[in-house]
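Commentary on secondary and tertiary structure
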Amino acid sequence: MSALRQLLKSVFAAALPQSWLMTHGPRAAVSQQQEIALTFDDGPHPEHTPRLLDALAAAGAKGTFFVIGEQTLRHPNLVRRIADEGHEIGNHTWTHSEPAQTSAVRFLEEVTQTRQMIQNLTGRDCRMMRPPKGALTVGKTLGLWRRQQTIALWNSDPKDYAMTDEIELLRWLDGYRPRTGDIVLLHDNPPRAAVAVERLTRHDLRFVTLSEWLDRSCPVNVAESLRDSNPVLGQLCSEEAANVR
Ligand SMILES: [Zn+2]
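The following paragraphs examine the structure supplied in this document. (Residues numbered from 1 in each chain as written. Predicted model: local features only at pLDDT ≥ 70, side-chain atom pairs only at ≥ 80, totals over all residues. Heavy atoms only, no water.)

1. Some thoughts on the overall build of the chain
Along the chain, the regular secondary structure elements total 11 helices and eight strands. Of all 245 residues assigned to the chain, the portion counted as buried reaches 53%. Taking as baseline every contact in the chain between residues at least 6 positions apart, the subset at least 24 positions apart corresponds to 79%. For the chain, the exposed area adds up to about 10,900 Å²; of that, 50% sits on carbon and sulfur atoms. (Helix = DSSP H or I, 4+ residues; strand = E, 2+ residues; numbered from the N terminus. Buried < 20%, exposed > 50% of the residue type's maximum accessible area, 1.4 Å probe, protein only. Contact = heavy atoms within 4.5 Å. Areas by Shrake-Rupley, 256 points an atom, 1.4 Å probe, with all protein chains shown as cover.)

See below:
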């Protein structure tokens with residue numbers, strides 16, 4: 001699993017269009033400001049997500065929230081608030097089940113269920129998908145592409161989920177040197193993401209959503225581009241579709 005993930009990140013990311021797999025955004029700056037994408041996984045959380053949204057609003061920043069379907073069911077108004085305030089909502093499966101224990105069929109069912117929930121709550125389709133732990137198999141990967149989902153990973157990870165207090169996160173942030181195109185992985189189920197936003201505003205940064213980058217660089221249909229540009233992967237994708245049915 002780990003080996004496949006490394007392969008995906010190091011080889012595929014360089015070879016595939018960003019609409020299939022993002023590990024970072026465009027590295028070329030379009031203005032004087034550096035541009036990075038903040039991503040927040042595992043919410044929404046009834047206490048920490050509102051505080052984070054307040055911090056983002058104060059900073060004039062947009063982020064991408066990879067929500068867990070079960071959590072959206074518990075906190076639908078928070079999902080609406082995230083969307084209403086101009087942030088992007090991504091799919092992080094329905095239950096966040098352990099990847100190694102989750103078949104491709106179940107994983108893809110969870111993705112579909114969560115996507116439907118997001119659509120129902122916000123009126124918008126969801127195209128960004130982040131697998132729990134970034135872990136995928138070939139079957140899951142092809143299933144996501146067939147469903148027009150962009151697999152969104154990251155390149156900067158403070159491992160905030162393993163930290164016990166804000167000091168550790170602030171220490172990481174003080175050593176972090178933002179570079180245009182960075183995708184920073186944070187979580188809004190622990191209480192520290194708002195602090196991270198506040199600290200990052202010390203830099204002259206513009207915070208963008210993942211789709212803003214994608215729309216700028218690669219406005220293509222995943223499945224069509226898969227078929228058109230790579231018949232072998234297109235065939236695998238069709239075979240995966242048959243298996244899932
Ligand atoms: Zn997660």
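Okay, back to it.
2. Here's the deal with the nonpolar core
Ranked by internal contacts, the top residues of the largest apolar core, which has 35 residues, are Leu38, Phe40, Leu56 and Phe65. What Leu38 contacts, discounting residues up to four positions off in sequence, is Leu56, Gly63, Thr64, Val184, Leu186, Val197, Leu200, Phe207 and Val208. (Core = buried A, V, L, I, M, F, W, Y, C linked by side-chain atoms within 4.5 Å.)

3. Points about the coordination of the zinc ion
In this structure, Asp42 (OD), His92 (NE2) and His96 (NE2) serve as the protein donors to the zinc ion, at separations of 2.1 Å. Spacing between the donor residues of the zinc ion along their common chain follows D-x49-H-x3-H. Residue His92 is classed as buried on the basis of its relative accessible area, which comes to 2%. (Donors = N, O, S within 2.8 Å, 3.2 Å for Na, K, Ca; no water.)

4. Topic: helix α9 (residues 210-217)
What sets the pattern is the α-helix's 3.6 residues per turn: residues three or four places apart point alike. The set of residues buried in α9 consists of Leu210, Ser211, Trp213 and Leu214. Seen along its axis, α9 keeps its buried residues to an arc of 155°; they face one direction. (Arc of directions from axis to C-beta.)

5. Observations concerning unusual backbone geometry
In this structure, the amide linkage connecting Gly43 to the following residue, Pro44, adopts the cis form with an omega of 0°. The backbone phi angle of His96 is positive, close to 55°, even though this residue is not glycine. Looking at the secondary structure, you find His96 in the loop between β4 (88-91) and α5 (104-122). Take His96: its relative accessible area is 25%, and that puts it in the partly exposed class.

6. So, the pattern of salt bridges
For the structure shown, the criterion picks out 14 salt bridges. When the shortest N-O distance is used, the salt bridge between Arg106 and Glu110 registers 3.1 Å. With Arg106 and Glu110 both in helix α5 and four residues apart, the pair spans about one turn of that helix. Judged by relative accessible area, which is 35%, Arg106 ranks as partly exposed. (Salt bridge = Lys/Arg side-chain N within 4 Å of Asp/Glu carboxyl O.)

7. Regarding the packing of helix α2 (residues 48-59) against helix α4 (residues 76-84)
Viewed as axis vectors pointing N to C, α2 and α4 meet at an angle of 15°, and their least axial separation amounts to 11 Å. Between α2 and α4, the crossing angle belongs to the class labelled roughly parallel. Like other packed secondary-structure pairs, α2 and α4 cross with a definite hand, here left-handed. Contacts between α2 and α4 involve Thr49, Pro50, Leu53 and Asp54 from the former and Leu78, Arg81 and Ile82 from the latter. (Axes fitted to C-alpha atoms, helices over the stretch in contact; angles between N-to-C directions. Parallel < 35°, antiparallel > 145°, perpendicular 65-115°, else oblique. Left-handed = near helix turned anticlockwise from the far one by under 90°.)

8. Some points on the packing of aromatic side chains
Within the structure shown, the criterion is met by three aromatic pairs. When the ring of Trp20 is compared with that of Trp145, the centres are 5.2 Å apart and the planes differ by 45°; the resulting orientation is tilted. Linking Trp20 in the loop between α1 (2-15) and β1 (21-22) with Trp145 in helix α6 (residues 138-146), this pair joins segments that are 125 residues apart in sequence. Classification of Trp20 as buried rests on a relative accessible area of 1%. (Phe/Tyr/Trp six-rings, centres within 6.5 Å; stacked < 30°, edge-to-face > 60°.)

Any functional reading would require information beyond the geometric quantities listed.
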